[in-house]
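The lines below spell out each chain.
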Amino acid sequence: METKTQPLTEEASPMKKQRMSGSEAVMQSLLHEGANLVFGYPGGAIMPIYDALYQYQDKINHVLVRHEQGAVHAAQGFARVTGKVGLCMVTSGPGATNAVTGIADAMVDSTPMVVISGQVASPLLGTDAFQETDVVGITQPITKWNYQVKRAEEIPEAIAKAFYIARTGRPGPVLIDITKDAQFGMFDYEYKKVDKVRSYKPSSPVKKDKVAEAAQLINLSKKPLALVGQGVVLGGAEEELKVFLEKAGIPAAWTLLGLSAFPSDHELNVGMLGMHGNYGPNVKTNDSDLIIAIGMRFDDRVTGNVQKYAKNAKVVHLEIDPAEINKIIYADVPVVGDVKEALPMLTEMVAETDHKEWLQEFRACDKIEDQKIINEELHPTKAGMTMGEVVRRVTEVYNDDAIMVTDVGQHQMMASRYFKFKNTRSVVTSGGLGTMGFGLPAALGAQLGQPERPVCCFVGDGGFQMTIQELGTIFQTKAPVKIILLNNNFLGMVRQWQEMFFDRRYASTELVNPDFQMIAKGYGIAGELVDSRDNLDDAVKRMADHDGPFLLEVTVEKEGNVFPMVPTGASVAEVRLE
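Residues numbered from 1 in each chain as written. Predicted model: local features only at pLDDT ≥ 70, side-chain atom pairs only at ≥ 80, totals over all residues. Heavy atoms only, no water.

J.: Describe the overall build of the chain, listing the residues and the values that go with them.
T.: What the chain contains, in helices and strands, is 23 helices and 20 strands. For 578 residues, the compact-globule formula gives about 25 Å, and the C-alpha radius of gyration of the chain, at 24 Å, lands near that figure. Summarising its shape, the C-alpha atoms of the chain cover approximately 70 × 60 × 40 Å along the three principal directions. By residue count, 58% of the 578 residues in the chain fall in the buried class. Expressed as a percentage of contacts within the chain between residues at least 6 apart in sequence, the contacts between residues at least 24 apart total 77%. For the chain, the computed accessible surface area is about 23,100 Å², with 50% contributed by carbon and sulfur atoms. (Helix = DSSP H or I, 4+ residues; strand = E, 2+ residues; numbered from the N terminus. Rg over C-alpha atoms; globule rule 2.2 N^0.38 Å. Buried < 20%, exposed > 50% of the residue type's maximum accessible area, 1.4 Å probe, protein only. Contact = heavy atoms within 4.5 Å. Areas by Shrake-Rupley, 256 points an atom, 1.4 Å probe, with all protein chains shown as cover.)

J.: So what's going on with the packing of helix 11 (residues 238–248) against helix 14 (residues 339–349)? Residues and values would help.
T.: Two packed helices can be described by the angle between their axes and the distance between those axes. Viewed as axis vectors pointing N to C, helix 11 and helix 14 meet at an angle of 25°, and their least axial separation amounts to 9 Å. It follows from the interaxial angle that helix 11 and helix 14 lie roughly parallel. In the packing of helix 11 onto helix 14, the handedness of the crossing is left-handed. In contact with Glu 240, Leu 241, Val 243, Phe 244 and Lys 247 of helix 11, helix 14 contributes Lys 340, Leu 343, Pro 344, Leu 346, Thr 347 and Glu 348. Considered class by class, the residues forming the contact of helix 11 with helix 14 number 6 nonpolar, 1 polar and 4 charged. (Axes fitted to C-alpha atoms, helices over the stretch in contact; angles between N-to-C directions. Parallel < 35°, antiparallel > 145°, perpendicular 65-115°, else oblique. Left-handed = near helix turned anticlockwise from the far one by under 90°. Nonpolar A, V, L, I, M, F, W, Y, C, P; charged D, E, K, R; others polar.)

J.: Residue-level account of the pairing of strand 18 (residues 482–487), with values.
T.: Counting buried residues in strand 18 gives 6 out of 6 residues, a clear majority hidden from the surface. Residues of strand 18 alternate between two faces, with Lys 482, Ile 484 and Leu 486 on one and Ile 483, Leu 485 and Asn 487 on the opposite face, all of them buried. Pairing geometry for strand 17 (residues 455–460) and strand 18, over 5 bridges, is parallel. Counted as the bridge partner of Val 459 is Leu 485 from strand 18. The pairing of strand 18 with strand 20 (residues 550–555) spans 6 bridges and is parallel. Bridged to Ile 483 within strand 20 is Leu 551. (Pairing = 2+ DSSP bridges.)

J.: Lay out the packing of aromatic side chains in plain terms, naming residues and giving numbers.
T.: The tally for this structure, following the rule as stated, stands at 12 aromatic pairs. With a centroid separation of 5.6 Å and an interplanar angle of 50°, the aromatic rings of Phe 464 and Phe 516 are classed as tilted. Of this pair, Phe 464 sits in helix 19 (residues 461–464) while Phe 516 sits in helix 22 (residues 516–522), and the two are 52 residues apart along the sequence. By the burial criterion, Phe 464 is buried, and Phe 516 matches it. An aromatic cluster is built from Phe 187, Tyr 189 and Tyr 191, whose rings are joined through pairwise contacts. (Phe/Tyr/Trp six-rings, centres within 6.5 Å; stacked < 30°, edge-to-face > 60°.)

J.: Residue-level account of the domain arrangement of the chain, with values.
T.: As far as domains go, the chain holds domain 1 (18–189), domain 2 (208–361) and domain 3 (383–555). At the interface, 7 residues of domain 1 touch 7 residues of domain 2. In total, domain 1 and domain 2 occlude about 630 Å² of area from one another, counting both sides; carbon and sulfur atoms represent 55% of this. Summed over the three residues of domain 1 that lose the most area to domain 2, namely Arg 80, Asp 109 and Arg 170, the buried surface amounts to 65% of that side. For Glu 324, the salt bridge identified is with Arg 170, shortest N-O distance 2.8 Å. At the boundary of domain 1 with domain 2, the tally comes to 4 residue pairs in polar contact (both at pLDDT 80 or more). (Domains from an automatic or database assignment. Buried area = accessible area lost by both parts, 1.4 Å probe. Salt bridge = Lys/Arg side-chain N within 4 Å of Asp/Glu carboxyl O. Polar contact = N/O pair within 3.5 Å; in protein donor to acceptor, adjacent residues only side chain to side chain.)

J.: Got a sec to walk through helix 21 (residues 492–501)? Specific residues and values, please.
T.: Each full turn of the α-helix corresponds to 3.6 residues, which orients residues three or four apart in the same direction. Buried residues of helix 21: Gly 492, Met 493, Arg 495, Gln 496, Gln 498 and Met 500, and no others. Residues of helix 21 that are buried in the fold lie against helix 17 (410–418). Asp 503 lies just past helix 21 and shows a positive phi near 50°.

J.: Summarise the layout of surface pockets; cite the residues concerned and give the values.
T.: In this model, the second largest pocket occupies a volume close to 500 Å³. Along the walls of the second largest pocket sit 24 residues, with Ser 264, Gly 271, Asn 278, Arg 417 and Lys 420 positioned nearest its centre. Counting residues per element, the ones that place at least two in the lining of the second largest pocket are strand 11 (269–272), helix 15 (356–378) and helix 17. Sort the elements by how many residues they give to the lining of the second largest pocket and helix 15 lands first, with 6 residues. (1 Å grid on protein atoms, 1.4 Å probe; cavity = no way out; pocket = protein on both sides within 12 Å on 5 of 7 lines; lining within 4 Å. Points joined across faces, edges and corners; volume = space filled by probe spheres on them.)

Okay, structure coming up:
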């Protein structure tokens, strides 16, 4: 996941030392790492760095967000669709703490990101100075690495190390906290790229004997099932995965973040795993005799009750992070290392075969799910519009070739179930942390990262209002994000749980919403409200044809539910269809 660096000028050459301030050293170091887009919000403790940025506006594009949380989520969106390291800058105190949620989100979802925070001058550290917060202490559990710079001379090495750690191995966020006196300090600048860090081992060489053990299990298996996670995308191993699955004829199911690693219409794609995943891969997990986990971590939303999970199956686990091996599910054969290296080795050793009868069991489950859920969701007989039919109209108008960004809630699950994908890096959503407010700023970052691809951002009326101020950033950047607001005047996912498990006691989940179209208009963003199915198709086409950002608000049924559903504490085989 190396980033492409811009050609260095003679002045920026690492072979020639230059006298400069710590702040200018930050700019030069970012250019050496190929970072030419930064999301941020200025403030007192980071003002010297912003002053230096003023001189580099032709080389580094700064996007002024409306809240620091938005900066981090935008950097996440950028990173997820490009594979590059996302970058954001915030000031000390409340600026840094406002970024904490996004940093935690990036850590759980393995998103490569560097956060640069300003800090009070080093003599004031520990004195409760104005806007002083121990952001290094706060973020230690939610970063791959963090470091406080107190001397200007430390800046080049700290930034080089930050980018290296963020993008290598299992990616993740890194925070560099720079005191104000370090930003002002003068020194002789020299930049050296980092390609190793003592005590940090990004990945291990894949052991051939373990691959051979895995291949033997695969060749003996009658009902193998591959569980594919985001590790395939992060490792750039999509083609290697396709070759492996097709040779071995193995049905493959997908985690939420692994959705676009494989085309939606491929014959071996049997659907999404998890609490609101497809019926077949959930039920058939417990019928499988071999689980092949590839770049996934057995999240509780995938496994359900671990005591009842895959009891008939051996487990092969391909994973770059050894900490994930045996953490949740015991692996009979762990294959530790980069999947891009492991998969071709495995492909070479497996027999060419097919599992047509086993695959047909999934197709039989598909028919049940179609009959019980999907047909009514996509072609409802009731008057109210469903989230699923809206999602499907949108993906169809883009020929299944758009980037899907979501916020968190019912719409997230519906979009993940009914949106379709042709290309990789087409899913941006908050998986592990489930952060409401993620969608809008992440869509902005995704659009700026892939300006040639359409970006469809699905939001609910709850999460949308958590970061609605980022409409201002979209307005200022003119990013042509298409926002699809599925409005049911509820915190829908919480309400569904209240309906099913709390005797319909809708405690604090019904929303009284503003006029979203008027708000969009205030930000200079075109929009349309659809409250009738008769108008849906034409409205979706108008949104797609519009040259610029657009808010399509669709009034959906107030008490629609997402099914299938694996209740908390249940086995995946106990998935409910109603």
